[in-house]
Amino acid sequence: MTEIKNPLQTLTAHIERAEKKTHRPRKSVTLLAVSKTWPADELRKLAVQGQHCFGENYLQEALTKITALADLNLEWHFIGPIQSNKTRDIACNFDWVQSIDRIKIARRLSAQRPVERDVLNVCIQVNIDDEASKSGVKSDDVLALAEQISQLDHLQLRGIMVIPEKTSDPQQQHASFQKAQQLFSQLVTLYPSVDTLSMGMSADMDSAIAQGSTMVRIGTALFGQRHTPASK
Ligand SMILES: *Cc1c(COP(=O)(O)O)cnc(C)c1O
């Protein structure tokens with residue numbers, strides 16, 4: 001009898017093959033399940049199958065799920081744009097924030113992190129292709145921001161998060177990922193806490209893994225097409 005794999009098993013096997021093909025150690029790439037727009041029950045199904053890390057873009061929607069799934073001890077990553085009046089709820093409820101793009105937000109998160117919780121893990125979101133309308137800091141400004149963040153008591157700088165420009169040109173995609181990898185390597189030599197290159201989504205994870213990604217953020221390939229627009 002052939003075993004029919006569920007999407008999580010299929011994706012995990014896919015990531016393992018990509019690691020192997022590019023001579024990366026097994027489990028060197030973490031799978032972040034990007035669950036925006038999906039109800040708590042869908043996340044619970046994946047959690048029961050062993051998925052531990054979940055990424056959310058919209059605060060109110062995320063808080064509902066964090067509450068509903070509190071019994072599961074999941075790891076929650078905030079990956080959406082951050083307004084400064086939302087930092088307290090983010091600091092109180094998440095384990096990671098991957099979308100830091102200015103020092104003001106980092107300072108607020110550090111100040112508002114509850115003392116009884118571990119430090120908040122953070123990544124700097126880098127606008128790796130310098131797109132006009134994209135969030136994230138310019139590559140040239142990453143080192144200065146990293147230096148400021150490294151001085152904050154309740155944050156731990158873990159690395160960078162990138163969303164490259166949409167392109168069908170594999171060479172351009174390769175160049176973007178390579179730029180991100182170089183920036184990441186630079187940070188690794190400067191800060192012992194840095195170990196995370198968050199790069200790769202459903203459509204481009206193979207190339208991202210080949211270029212050193214340590215965390216892929218996958219929505220569609222895990223949950224299917226999003227039907228409902230994400231709520232704010
Ligand atoms: C939605 C989203 C993803 C997941 O994208 P898919 O193409 O559905 O895999 C990853 N990262 C960020 C920042 C997102 O907003």
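Where do I start with the pairing of strand 1 (residues 30-34) in this structure?
Here strand 1 lies mainly inside the structure; four of its five residues are buried. With four bridges connecting them, strand 1 and strand 8 (residues 215-218) associate as parallel partners. Its bridge partner being in strand 8, L31 is matched across the sheet by V216. Across two bridges, the pairing between strand 1 and strand 2 (residues 53-56) is parallel.

Help me out: how do you make sense of the packing of aromatic side chains in this one?
The way to describe two aromatic rings as a pair is by their centre distance and the angle between their planes. Applying the stated criterion across every chain, the model contains three aromatic pairs. With a centroid separation of 5.7 Å and 15 degrees between ring planes, the pair formed by W38 and F223 is classed as stacked. Of this pair, W38 sits in the loop between strand 1 and helix 2 (40-48) while F223 sits in helix 9 (residues 220-223), placing them 185 residues apart in sequence. Accessibility classification places W38 together with F223 in one group, the buried group. An angle of 35 degrees between the planes, with centres 5.8 Å apart, marks the rings of F54 and W76 as tilted. Of this pair, F54 sits in strand 2 while W76 sits in strand 3 (residues 75-78), and the two are 22 residues apart along the sequence. Across the pair, exposure class does not vary: F54 and W76 are buried alike.

What's the story with the pattern of salt bridges in this structure? I'm lost.
Where charged atoms from two side chains of opposite charge come close, those side chains can pair. For the structure shown, the criterion picks out ten salt bridges. Here R26 makes a salt bridge to E16, at a shortest N to O gap of 3.1 Å. With R26 in the loop between helix 1 (7-21) and strand 1 and E16 in helix 1, this residue pair connects regions lying ten residues apart in the sequence. Overall, the relative accessible area of 26% leaves E16 in the partly exposed class. The closest approach of N and O atoms between E56 and K65, which form a salt bridge, is 2.9 Å. You'll find E56 and K65 in the same group, each marked buried.

Scoring rules and cut-offs
Residues numbered from 1 in each chain as written. Predicted model: local features only at pLDDT ≥ 70, side-chain atom pairs only at ≥ 80, totals over all residues. Heavy atoms only, no water. Buried < 20%, exposed > 50% of the residue type's maximum accessible area, 1.4 Å probe, protein only. Helix = DSSP H or I, 4+ residues; strand = E, 2+ residues; numbered from the N terminus. Pairing = 2+ DSSP bridges. Phe/Tyr/Trp six-rings, centres within 6.5 Å; stacked < 30°, edge-to-face > 60°. Salt bridge = Lys/Arg side-chain N within 4 Å of Asp/Glu carboxyl O.

Limitation: the analysis is restricted to geometry and does not speak to function.
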